[in-house]
Amino acid sequence: QVQLVESGGGLVQAAASLRLSCAASGRPFSNYAMGWFRQAPGKEREWVAAIARSGGITSYADSVKGRFTISRDNAKNTVTLQMNSLKPEDTAVYYCAASPTGWPDPRPYKYDYWGQGTQVTVSS
């Protein structure tokens, strides 16, 4: 089992920045690729970004490319999502997830473990 706890969400104005963190415990963190997903009210869960187990490979959804940055610290068992130039359409609950494949993947079913989510609200 891997336990994931997100933090860092909040209410910000458009163009602001937020930094989300996800703390992992349980099985060795470095065994897992990590991803961030989000879900807005009335919409399906959407992949945002992912990072390989080593941290050397990252991948982003087109909607956030150039604005968001995913990173990880395997020594601290954490993954972060730096979000810049936020837009109202970024409003959602953000979830981190762990995939045993070790490879960044946009498909939710590749992820076995999920956090409870943290709310991000961007006002216009």
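Please refer to the structure higher up on the page.
Residues numbered from 1 in each chain as written. Predicted model: local features only at pLDDT ≥ 70, side-chain atom pairs only at ≥ 80, totals over all residues. Heavy atoms only, no water.

Backbone-to-backbone hydrogen bonds pair the strands of a sheet. The strands run either parallel or antiparallel. On the basis of which strands lie adjacent, the open sheet formed by four strands has the order β1-β3-β8-β7 and antiparallel pairing. Two strands lie at the open edges of the sheet, namely β1 (2-7) and β7 (68-73), each paired on one side alone. The average undirected angle you get between the axes of adjacent strands in this sheet is 15°. In terms of strand pairing, β7 meets strand β8 (residues 78-83) through six bridges, oriented antiparallel. Within β8, the residue paired with D73 across the bridge is T78. (Pairing = 2+ DSSP bridges. Helix = DSSP H or I, 4+ residues; strand = E, 2+ residues; numbered from the N terminus. Axes fitted to C-alpha atoms, helices over the stretch in contact; angles between N-to-C directions.)

Right, let's talk about the pattern of salt bridges for a bit. A full pass over the atoms with the stated rule returns five salt bridges. We note a salt bridge from E46 to R38, for which the minimum N-O separation is 2.8 Å. Take E46: its relative accessible area is 31%, and that puts it in the partly exposed class. A salt bridge links D90 to R67, with the nearest nitrogen and oxygen atoms 2.7 Å apart. Of this pair, D90 sits in the loop between β8 and β9 (92-99) while R67 sits in the loop between β6 (58-60) and β7; the two residues are 23 residues apart in sequence, bridging distant segments of the chain. (Salt bridge = Lys/Arg side-chain N within 4 Å of Asp/Glu carboxyl O. Buried < 20%, exposed > 50% of the residue type's maximum accessible area, 1.4 Å probe, protein only.)

We now examine the environment of R45. Turning to its location among the elements, R45 is positioned in the loop between β4 (33-39) and β5 (46-51). Taking the C-alpha atoms as reference, R45 lies 25 Å from R27; in sequence the two are 18 residues apart. Sequence-distant contacts of R45, that is, excluding residues within four places in its chain, are made with F37, R38, Q39, Y95 and W114. (Contact = heavy atoms within 4.5 Å.)

Along the chain, the position of L4 falls in strand β1. Separated by 113 residues in sequence, L4 and G117 place their C-alpha atoms 9.2 Å apart.

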